[in-house]
Structure formats: structure tokens, C-alpha cells
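# Coordinate inspection notes
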Amino acid sequence: MKLDEDGLNGFAVLRNYTREKRINYLDFSHDGLRLIASGDDDSMIIYDCEKAQQKQVIRSQKYGADLVHFTHASNTIVYASNKESRDHALRYMSIHDNKFLKYFNGHTAKVVSLSLSPVDDTIISSSLDKTVRMWDLRSPDCVGLMQCGGRAVAAFDPEGLIFAAGVQSEFIKLYDLRSFEKGPFSTFKYKTETGCDWTGIKFSLDGKLMMLTTNGAVIRIVDAYDGKPLHTLAGFQNNKGIPLEASFTPDSQFVLSGSSDGRIHVWKPDTGYRVCTLTGEHSNPVTNVQFNPRYMMLASACHNLNFWAPDPDPSGSSNNNGFGAGFPPTSPVDGGPPQFGGGNNGQNAAYQKPPGSFQDGLY
């Protein structure tokens, strides 16, 4: 099933989970079968996306948990601390036996962004200590250090060949991963943001766009090749000055973001046009929205975690207890965007409805 405006407008909450404190980050596994959610309650919870059911709880009471990511391995994660302490190490953990595999020490202030390479075990992190650091999960030592001179956020491109650093809410610097020590090969300067800071940077999965998220009520879309500002996505509330994590859909055709009034907003990044607004069961600011890389599903979080999918019965008369019959990811097709997390120049599937009647909200 192909994503379009009508389809997104028909998404509905099919499963909801409540936590005592705010969920601070969401990440889907590369195969789309699992979701992990870190929270201010010092825990990380893994969910089975085929059934939208809680699968495993991981405690991190000493260090807290934020910016949690699945790695390419099926049983490991990496995450940052959200505690006000001197320990700002990244932690690499086996979720099979809840044991730490490595600590990545070096940052001297809170880590504010974390990005995994789509092709190997390289990660980059940025911190309030005004640095961007590069790590290899196979080595305990930092393998690259960039002094940024200001607050920075960083992310890999979809091919894992370059990474972008947004610095001081004013510059985007592009680095070649093979020669990053030589400095950026391109630097784009923008008018300094007023009233907000850049809190995240992401590439669209077709590699054509970059998105700058903020702690204000704007999202910037720029051309990934020449840095040209294209559109400002606005019209949503963020009157609390909190970072709002937005995401591209896997086909790069839409951007989704939460807001402080509990709604989810959807735009076309190539035009800046707002497609629709989704209203779910969020009574607090929605700070994170992620679209599943394989399934017709998205997740949104405040203190609640909502699983969304196309509504199988808009009248509300059906019983959705069968959510998650185990539909497999769709097959690759020619002409699709780069495969999410594949790193093999493969083609991601167009969204297709599986044979048979809809039973579970996953296409």
C-alpha cells in the first residue's frame, strides 16, 4: 500500500500504553519488527510491532536512559544518560542478558544527539560540551573528535558516506566519513535562529533533503546538496520550548511531528504544505514521532505510547484485539527509495496491502 495524503489522514490509534513519566525517545529496529522506548522513569521498554505488545523491560536506574537506538545486531542497543551527573558515557548493552558490553567515555556534558551509520557499526554523538565524537562499537576508544565551538547536533546520510553537523543553530557542516579529520567539505551558513535552537538534524531517506528540528514551533527543510533553505514547517504549538523529534516517512514524501497540544502534524517537505493533523490519546506534549521503516505504522509518545495504523473500521464497530497477525515486511521493488538501514544500495518496498482481509492494522 502506497502512502498518500488520504491514507495518512485515516490513521488511528490502535494500541496505547501509559508510563508514569515522559517517554524521551523512540527507535524502530531496521526490520521494523520491534520498537524501543526510553523514558524519564529510567527504563527502556521493547515492543513487538507485529502484535503491538510489550516484550521486555530494561532498567537503567543508575544512569537513566535517553536517545536509545537499536544497533544492526538483533540483540544489542546503545543509549545515552539523562542524569545530571559527571557520567556522560554512551552505553552499549546486550538485551539478551542485560549486560553492558562497552562504555564510550569522552563527553563531558549531556549528549544531545546520537546517530548510527546505516552501513556499519560506526556511531556519532554530539554533546553540550560543543563536540561531535565518532565511535566504533568494536572499539572502546573515540575514533574521531570534532571541536564545534558551539552546541551541535549530528546525523549520518542514508548511504553512510557523509554526516552532517548542525552547529550553533547557524551552520550546517558536511563531512566525508573517510576524511573527516580534514574538516568539512561543505559549510552552509544561515540566519541565526531567534527564540529557538536546533535540537536535531536528519536526512530524508532518498538523501535529497535535510530536516532541522528545534525547541520552537518551526522545522526547517533544506536541500541536502547545496544547503538551500526550502521550506519552514509551522502551524503547530510548542509553547513550552521543548525539543520535538520529527521524522520522515520511509518514502521521504512526508514529515511528521508532535506538538505541545498533543497533536501530530503531517507535511509535504517538498512543498511545505500541511497535509493533516492527527488527534490521538495524548494529554501531554508529543515530543517524539517515528514512522516504522517497514510497516504501515507509526508511533508517538508523551507519557503515553501510541501505535497508529490505517483504521480498519472507521465506524469503530470492529474488534481490534487481533492487531498484529504477523504480516511480513513488504518485498523490495524497483524504483523505491534507498533501503532503510540496509547499507547495500537495495531498494525499499512500496507499501502494499497483503492478501486477505485487514485484521491487524499492519499493512
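Owing to the predicted nature of the structure, the values given are computational and were not obtained by experimental measurement.

## Quick word on the overall build of the protein
Of the regular secondary structure elements, the protein holds one helix and 28 strands. Relative to its 363 residues, the protein shows a buried fraction of 58%. Across the protein, contacts joining residues at least 24 apart in sequence account for 48% of those joining residues at least 6 apart. Roughly 15,100 Å² of accessible area belongs to the protein as shown, and the carbon and sulfur atoms make up 45% of that amount.

## Description of the sheet that holds strand 27 (residues 298–301)
Sheets are built from strands paired through backbone hydrogen bonds, the pairs being either parallel or antiparallel. Overall, antiparallel pairing links the four strands, which are arranged 1-28-27-26 in an open sheet. Of all strands in the sheet, those bounded by a partner on one side alone are strand 1 (11–18) and strand 26 (288–291). Strand-to-strand twist of the sheet, defined as the mean angle between neighbouring strand axes without regard to direction, takes the value 20°. Pairing of strand 26 with strand 27, which is carried by four bridges, proceeds in the antiparallel orientation. Counted as the bridge partner of Gln-290 is Ala-299 from strand 27.

## Re the side chain of Asn-304
Counting through the fold element by element, Asn-304 comes out in strand 28 (residues 304–310). Judged by relative accessible area, which is 11%, Asn-304 ranks as buried. Polar contacts involving the side chain of Asn-304 include one to the main-chain carbonyl oxygen of Glu-281, which spans 2.8 Å. Contact partners of Asn-304, with chain neighbours within four places excluded, come to Asn-16, Tyr-17, Thr-18, Ile-23, Glu-281 and His-282.

## Describing the pairing of strand 6 (residues 66–70)
Summarising burial for strand 6: five of the five residues are buried, a large majority. Where strand 6 meets strand 7 (residues 76–80), three bridges bridge the pair, whose relative direction is antiparallel. In the sheet register, His-69 faces strand 7, and the bridge partner there is Val-78. Hairpin connection from strand 6 to strand 7: five residues lie between these consecutive antiparallel strands.

Reading the values: rules and limits
- Residues numbered from 1 in each chain as written.
- Predicted model: local features only at pLDDT ≥ 70, side-chain atom pairs only at ≥ 80, totals over all residues.
- Heavy atoms only, no water.
- Helix = DSSP H or I, 4+ residues; strand = E, 2+ residues; numbered from the N terminus.
- Buried < 20%, exposed > 50% of the residue type's maximum accessible area, 1.4 Å probe, protein only.
- Contact = heavy atoms within 4.5 Å.
- Areas by Shrake-Rupley, 256 points an atom, 1.4 Å probe, with all protein chains shown as cover.
- Pairing = 2+ DSSP bridges.
- Axes fitted to C-alpha atoms, helices over the stretch in contact; angles between N-to-C directions.
- Polar contact = N/O pair within 3.5 Å; in protein donor to acceptor, adjacent residues only side chain to side chain.

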